[in-house]
Structure formats: C-alpha cells, structure tokens
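# Fold and contact review
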Amino acid sequence: DPENSEFLHALDLDLQANLWGASFDWVRPIGKIDVVFGVRFIHYGEELRLVAFDSAAQLASGIGDRIAIRVDNDMLGLQAGLQGMWNIWSVVAIGGNVKGGLAANFVDRARSFSADNGDLVIPDFADNRDGTGFAQFLEVNPRIDIGLGQSATLTLAGTALWINETSRALSHFESAT
C-alpha cells in the first residue's frame, strides 16, 4: 500500500511477558491482625520481536529486518505487611493481606538487529548488558470465604501486584533501531 510508507509494507510485532516468584514469610499474630515479614523473589521478563517488510514479495518470502529485545528483571528483597480474616456472617468471612517491599533488581538485557534483505547500510549487531538497581513492590490479596458445609469452603480471591523501577523491552527499542 503506497500510503502506508515509502519504506514499510508490513510489520509483524510480538510482545510477550512473564511473571513469577516466591516468598517466605514469618507471621506474628497481634490481636485480630497478623504482621507479616519475609523474603521475596520476583521474576519479570519481556521479549519484543519485530520484523519489518519493505514489500509484498518480502512479506511472502519472510525476508525482512528483524529486531529482538529480551529483558529479565530478577528481584530479591524484603517485604512486610498485614493479613487477617473477619467473620461478617456465620458462614462468610472477608479479609486478605497487603505486603510491600524493596528489592535489589538484577537486570539482564539482550538485543539484536539483522537485515535479511540486504537493503540497509546498518550492519547486523547483538549486545547484552547487565545492571543492578532497586525496585519497589506492593501486593494486595483480597479474599472472601463462604462456608458451604462442615468440610467445604468456597474461596474467592484475587491478586493485584504493582512493581516499580523495572526494565521494559519497549524502552530499549529506540536504541536498537
């Protein structure tokens, strides 16, 4: 399509993210609320892959300019928070926990650029950089327990996790082009 760009016919963009972690907590009851203190590991990674095609023929043959950026944030730190459950009816309890903390963030970034079509004067390249910083996080886990009988409980729960000061793949895109 000539209106698209004089250099770009099609763009294939893929961004994938993964998040997982583990924690070990000590719990100290204080009245109806528990104080939580522990160690936390969080992994957050992203991978951005982009292929730019200059023409329909390149798109059909899969020949294009390729950019790949992978960023891994491995965070290890301390967390503290509160947790508790309160009965609001004889069969229903509400509560959950909230935890926040500070972690050392070990960042690994790998990126590469290659021009399969040979049209560009920019040479292929790949590089990898490591760095260390600090990240903050806050996790909220609300919960509702509904007693269905003597030995059965229905639990409705969720998790909201906010992490600050992480490295993201998209922020490294401009320096790779």
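Refer to the structure above for everything that follows.
A short tour of the structure in this document, coming up. (Residues numbered from 1 in each chain as written. Predicted model: local features only at pLDDT ≥ 70, side-chain atom pairs only at ≥ 80, totals over all residues. Heavy atoms only, no water.)

We now examine the nonpolar core. As a rule of thumb, soluble globular proteins bury nonpolar side chains together. Membership of the largest hydrophobic core is limited to 9 residues, which are Leu 48, Leu 50, Ala 52, Ile 67, Ile 69, Val 71, Val 107, Phe 113 and Ala 115. Core analysis: the next-biggest nonpolar cluster, separate from the first, contains 6 residues, Ile 42, Met 75, Ala 103 and Ala 135 among them. (Core = buried A, V, L, I, M, F, W, Y, C linked by side-chain atoms within 4.5 Å. Buried < 20%, exposed > 50% of the residue type's maximum accessible area, 1.4 Å probe, protein only.)

Under the definition given, this model contains 3 aromatic pairs. Residues Phe 24 and Trp 26 carry aromatic rings whose centres are separated by 5.0 Å and whose planes lie at 90° to one another, so their mutual orientation is edge-to-face. A relative accessible area of 51% places Phe 24 in the exposed class. You can call Trp 26 partly exposed: its relative accessible area is 47%. Between Trp 26 and Phe 37, the ring centres sit 6.5 Å apart and the planes meet at 25°, which makes this aromatic pair stacked. (Phe/Tyr/Trp six-rings, centres within 6.5 Å; stacked < 30°, edge-to-face > 60°.)

Before going further, it helps to examine the pattern of salt bridges. Once the charged atoms of two side chains with opposite charge are near each other, the side chains can pair. Summed over all chains, the structure comprises 7 salt bridges. Where Arg 49 meets Glu 47, a salt bridge forms, and the shortest distance between an N and an O atom there is 3.1 Å. Take Glu 47: its relative accessible area is 28%, and that puts it in the partly exposed class. A salt bridge links Arg 70 to Asp 72, with the nearest nitrogen and oxygen atoms 2.9 Å apart. The exposure class assigned to Asp 72 is buried, which follows from its relative accessible area of 16%. Counted as one network, the salt bridges with shared partners bring together Asp 14, Glu 47 and Arg 49. (Salt bridge = Lys/Arg side-chain N within 4 Å of Asp/Glu carboxyl O.)

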